Amino acid sequence: ILDAPGHKNYVPNMISGASQADIGVLVISARKGEFETGFERGGQTREHVQLAKTLGVSKLLVVVNKMDDPSVQWSKERFNEIEKKIIPFLRSCGYNVKKDVQFLPISGLLGSNLKDRVLKSVCPWWDGQCLFEALSAIEPPVRDRNGLFRMPLIDRFKDMGTVVMGKIESGTVRRGDNLVVMPNKVNVKVVTVYRDSNEVNLARPGENLRIRLSGIEEEDISPGFVLSGISRPISAVLEFDAQLQILELLDHKAIFTAGYKAVLHIHAVVEECEIIELLQQIDPKTKRTMKKKVLFVKSGDVVVARIQVNEAICVERFEDFPQLGRFTLRDEGKTVAIGKVVGLPTASDME
């Protein structure tokens, strides 16, 4: 379980947590005024949902908390009102509300509807599951065990050698494997693999691990580096092409053009970037490319752009590895665009 506070100062923590998670639990306050504050323009509820979808959280449990509050008193009307307001927004973020989203009323303070179903005497209208049942019933996403090995690193420390932490996105790892740390191309050997605090011989995709490596020093690894198979390691690039959905631009930077600078969050990477060129605009309704040359776009538009970073970063095309090809752009602490990597430079481009 990875928990992040709702305040906007902690969005970077939320991003690193959500990029490791398969299931999101969005906690919303039912208290009068608190839901409205979180959900209106600039509120954190919106930004968290957009980020969760971008970072690959495919299933969402929306828990409406504080149902015991004197302003709510387990009111079905209030629960339905919140559900009705949030559903169109979840759809606009790309969630399939029927298949991938579930709403539940809870009271965290009293523990109602968390581990055991809420009593009928408290909430006569609720016939659904409690939170633990709903979590247990969700099927985790299918990942490719036989794919190329990819594990973005979120942290590293010294402990009888160099230990790295991260989640396997594809492939498997066993003790004794020879791997490569990208983008600095250092060959390493797997000494031990830990899941939770247990030593294991083999680890599969979707598991959060600690791996002790030989052949590299702790200071030569940064969060965002990727442990990768030797035969076809992950691409390390200084620029890439991406399809961007512009969300809400800042009021004083209301157009998005070549030269726009932002902070790029992609898996565990946080790196400053610049838009070098807008390549083509896409009609959001028909998904077709527009003919006219595009010089700038505004909030709500979809555009293919070339993005440049100062230091080489590890990315993959979205269609090859969704978790390593989706990202967000943030500016002055606000998410301004979500995107997916559609093209990487070929070897000849990089020379």
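First things first, this report covers the structure right here in the doc. (Residues numbered from 1 in each chain as written. Predicted model: local features only at pLDDT ≥ 70, side-chain atom pairs only at ≥ 80, totals over all residues. Heavy atoms only, no water.)

Over its 18 residues, helix 4 (residues 76-93) extends 26 Å from the first C-alpha to the last, a length consistent with the 26 Å expected when each residue adds 1.5 Å. Of all bends in helix 4, the biggest is about 30°, found at Ile86, and the proline Pro88 comes one to four residues later. Considered for burial, the residues of helix 4 that qualify are Arg78, Phe79, Ile82, Ile86, Ile87, Phe89, Leu90 and Cys93. Buried positions along helix 4 lie against strand 1 (23-29), helix 2 (34-39), helix 3 (44-54), strand 2 (59-65), helix 5 (97-100) and strand 3 (101-105). (Helix = DSSP H or I, 4+ residues; strand = E, 2+ residues; numbered from the N terminus. Expected span 1.5 Å × (residues − 1). Bend = angle between axes of the 7 residues up to and from the residue. Buried < 20%, exposed > 50% of the residue type's maximum accessible area, 1.4 Å probe, protein only. Contact = heavy atoms within 4.5 Å.)

Moving on: the sheet that holds strand 2. Pairing is parallel across the open sheet formed by 3 strands, whose spatial order is 1-2-3. The open sheet terminates on both sides in strands that have one partner only, identified here as strand 1 and strand 3. In this sheet, adjacent strand axes meet at a mean angle of 20° when their direction is disregarded. Direction of pairing for strand 2 relative to strand 3: parallel, over a ladder of 5 bridges. Of the residues in strand 3, the one forming a bridge with Val63 is Leu104. Across the sheet, helix 4 lies against strand 1, strand 2 and strand 3, angled at about 160° from strand 3, the strand it touches most. (Pairing = 2+ DSSP bridges. Axes fitted to C-alpha atoms, helices over the stretch in contact; angles between N-to-C directions.)

This part covers the state of the cysteines. Under the defined criterion, the tally for this structure stands at 0 disulfides. This cysteine, Cys130, is not joined by any disulfide, and Cys123 carries the nearest cysteine sulfur, 13 Å off. Cys273 takes part in no disulfide bond, and the closest cysteine sulfur, belonging to Cys314, lies 16 Å away. (Disulfide = S-S within 2.5 Å.)

It is worth spelling out the packing of helix 1 (residues 11-18) against helix 3 at this point. Two numbers describe a pair of packed helices, the interaxial angle and the distance between the axes. It is at 10 Å that the axes of helix 1 and helix 3 come closest, and there the two elements cross at 30°. Viewed along their axes, helix 1 and helix 3 adopt a mutual orientation that is roughly parallel. In this structure, helix 1 crosses over helix 3, and the sense of that crossing is right-handed. On helix 3, the residues that touch Val11, Met14 and Ile15 of helix 1 are Gln44, Glu47, His48, Leu51 and Ala52. Split by residue class, the contact of helix 1 with helix 3 holds 5 nonpolar, 2 polar and 1 charged. (Parallel < 35°, antiparallel > 145°, perpendicular 65-115°, else oblique. Left-handed = near helix turned anticlockwise from the far one by under 90°. Nonpolar A, V, L, I, M, F, W, Y, C, P; charged D, E, K, R; others polar.)

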